[in-house]
Amino acid sequence: MQDLNKLWKIFKEKYTDTGLAKGAFSAPGRVNLIGEHTDYNDGFVLPMAIEKYIVMLGQLRNDPLVQAFDLGYKVKIKFSLDRLYPSKKDAWTNYLMGVMDEIQKTGHPLQGANLIFISNIPQRAGLSSSAALEVVTALTATKLNLLEIKPVKIAHLCRRAENNFVGVACGIMDQYVSCLGKKNHALFINCRINDYELVPFKDQNYQIVICNSKIQRGLVNSEYNKRREECKTAAEFFNHKLKREIRALRDITIDEYRKYQGELPKVIARRARHVISENYRVQIGVQALREGNFSTFGQLMIESHQSLRDDYEVSCTELDLLVDLALKQEGVLGARMTGAGFGGCTVNLLRREYIDAFEKTIKQGYKKITGILPDIYVTPPAEGAKVIELKQ
Ligand code: GLA
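Remember, it's a predicted structure, so these values are computed and weren't measured experimentally.

1. Section: the pattern of salt bridges
So, point 1. Scanning the entire structure with this criterion turns up 25 salt bridges.
So, point 2. Across the salt bridge formed by Lys214 and Asp375, the nearest N and O atoms sit 3.7 Å from each other. Note that Lys214 is positioned in the loop between strand 8 (206-212) and helix 6 (220-241) and Asp375 in strand 11 (residues 375-378), a separation of 161 residues in sequence.
So, point 3. By relative accessible area, which is 30% here, Asp375 ends up partly exposed.
So, point 4. The residue Lys241 makes a salt bridge to Glu263 at a minimum N-O spacing of 2.7 Å. Within this pair, whereas Lys241 is found in helix 6, its partner Glu263 is found in the loop between helix 7 (254-260) and helix 8 (266-290), the two being separated by 22 residues in sequence.
So, point 5. The partly exposed category is assigned to Lys241, whose relative accessible area is 34%.
So, point 6. The exposure class assigned to Glu263 is partly exposed, which follows from its relative accessible area of 45%.
So, point 7. Among the charged side chains, a salt-bridge network with shared partners connects Asp101, Glu102, Lys105 and Arg160.

Shown next, in the form of C-alpha cells:
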C-alpha cells in the first residue's frame, strides 16, 4: 500500500482544493474463521478483519457532485447526490452511490466530495473487498460531513446498499466485521440480535493463513440466492411442524432436525443440516478459542468444510484440493473454504513454525494439479475501519 503522503500528492494532482474538510480513512477485508452461510439464517458467525485494506482520501465540495478515482483500475466516476440510482454501466459505482443513498435516507443530507481510493484486498476472492469499499465510503462520507453514526449502524446501512443498489442479498457478516474488527480478536456475531463479542485470537504458536484458489465463478450470486430460498423453505416447514414460532433455521435444534428431516425433500434436508450443525460448531468453536484449545477449533473447521462441501454444496474441486493438500501438511490444525464459495479462498489454522513449509508445498501441489499458482496471505486479526487522518 502506498504511503499517505504520496496519496495526498496524487489527490492534489487530480482535484483543485475546495478549502473544505478533508481526511483519509481505511476499511479492511475479512476472512471468516467459522460460521458459513449462517448469517442470513439469523445464526452465528466468527470472522476476523485482515491486514488488507481499502484506503480512501476525500474532501468535501460545495455542490452535490461526487467524483471518485479508483487508483488501482485507473477509472474515474462522477455522480450527483440529487440523482442516485443503480447504474448498469459501472458496477462499482453502485457501492458508492448505494452507501450515500442509504446515509441520506437516514435523514442526513450529504455534501458532494472528491475522492480517491486504493485497495490491496484481492477482488472476487471471497475476502469482502465490496464490503470494505462500502464501509470506507460510509466512513469517509459521515466523518467529512460531521455525522455521528455508530459503527453498527454503518454496517447495516452498508448492507442495505449492497442489497438495494448492488442487488446482492448478502447477510450482515462482512460489513459488520469490516466496521467492528479488532486487532488480535475474532468477532463472534449473533446475527439475529446483531450483538457481538470480541474473542481474543492471539497465540504465539498459531497463525491464520489464507490460500487464494484464484478461481472466480459467476454463479456465486445465483447459487447464493438459491441457498437462501432453500433455507427459507426449510424454516417454513419447521414453523408448521413445531408448536412454536420458527423465524429461521437458527431456531431448530439438532434433535428436532433429526426427528423431522425424513419429511423434507432430500436437498432441503441437507441444506438445513449444514446450517443447524454449523451454528453449533461456531458456538463450540468460540468456547474452544476462549480456552486456548486450538486443536478443537481446527477440528471444527474441518467439519465445517465437509458440511459445506457435501450438504450445502458450495465448495468446488479447487477449494477441496487446497483443503486436502493443507490437511496433509504437518502443523495444520484446520482448513476450510471461507466466504460464499464456488471459488475464492480457504482459511487454515497452522502452528507458526510450519508456515514456510506449508506455503511452499501448497503452492507446488496446487500448481501441479491445476496449473494455477495460488496466493497465500499470512494475517493476524486486524483493526476494523478507522480514520487515518482528519485534516480540516
Ligand atoms: C458472503 C455474504 C455473507 C455470508 C457469506 C457466507 O460473504 O456476503 O453475508 O452470507 O457469503 O457465509
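2. Quick look at the packing of aromatic side chains
The relative placement of two aromatic rings is captured by the distance of their centres and the angle of their planes.
So, point 1. Per the stated rule, a full pass over the model turns up 9 aromatic pairs.
So, point 2. For the pair Phe201 and Phe294, a centre-to-centre distance of 5.7 Å together with 75° between the ring planes defines the contact as edge-to-face. Separated by 93 residues along the polypeptide, Phe201 in the loop between strand 7 (195-200) and strand 8 and Phe294 in helix 9 (residues 294-310) bring together distant segments of the chain.
So, point 3. By relative accessible area, which is 5% here, Phe201 ends up buried.
So, point 4. Members of the aromatic cluster, joined through ring pairs, are Trp8, Phe11 and Tyr15.
So, point 5. Positioned above the aromatic ring of Phe69 is the side chain of Lys14, whose terminal nitrogen or guanidinium carbon lies 4.1 Å from the ring centre.
So, point 6. Against the face of Trp8 rests Lys22, its NZ or CZ located 5.4 Å from the ring centre.

Rules behind the numbers
For every chain, the first residue of the written sequence is number 1, and numbering continues from 1 along that sequence. Reporting of local features is limited, given that this is a predicted model, to residues whose pLDDT is at least 70; pairs of side-chain atoms are given and counted only at 80 or more, and all residues count toward the totals for whole chains, interfaces and linings. Only hydrogens and water are removed before side-chain values are computed, so all heavy atoms of the structure are retained for them. Salt bridges are identified by distance alone: a Lys or Arg side-chain nitrogen within 4 Å of an Asp or Glu carboxyl oxygen. Helix numbering and strand numbering both begin at the N terminus, where a helix is a DSSP run of H or I of at least 4 residues and a strand a DSSP run of E of at least 2. Whether a residue is buried, partly exposed or exposed follows from its accessible area with a 1.4 Å probe, protein chains only, as a fraction of its type maximum: under 20%, in between, or over 50%, in that order. Between the rings of Phe, Tyr and Trp (Trp by its six-membered ring), a pair exists once the centres lie within 6.5 Å; its type follows the angle of the planes, with under 30 degrees stacked, over 60 edge-to-face, and the other angles tilted. Two thresholds decide whether a charge sits over a ring: the Lys NZ or Arg CZ must be within 6 Å of the ring centre and within 35 degrees of the ring normal.

Treat this as a map of the structure, not an account of what it does.
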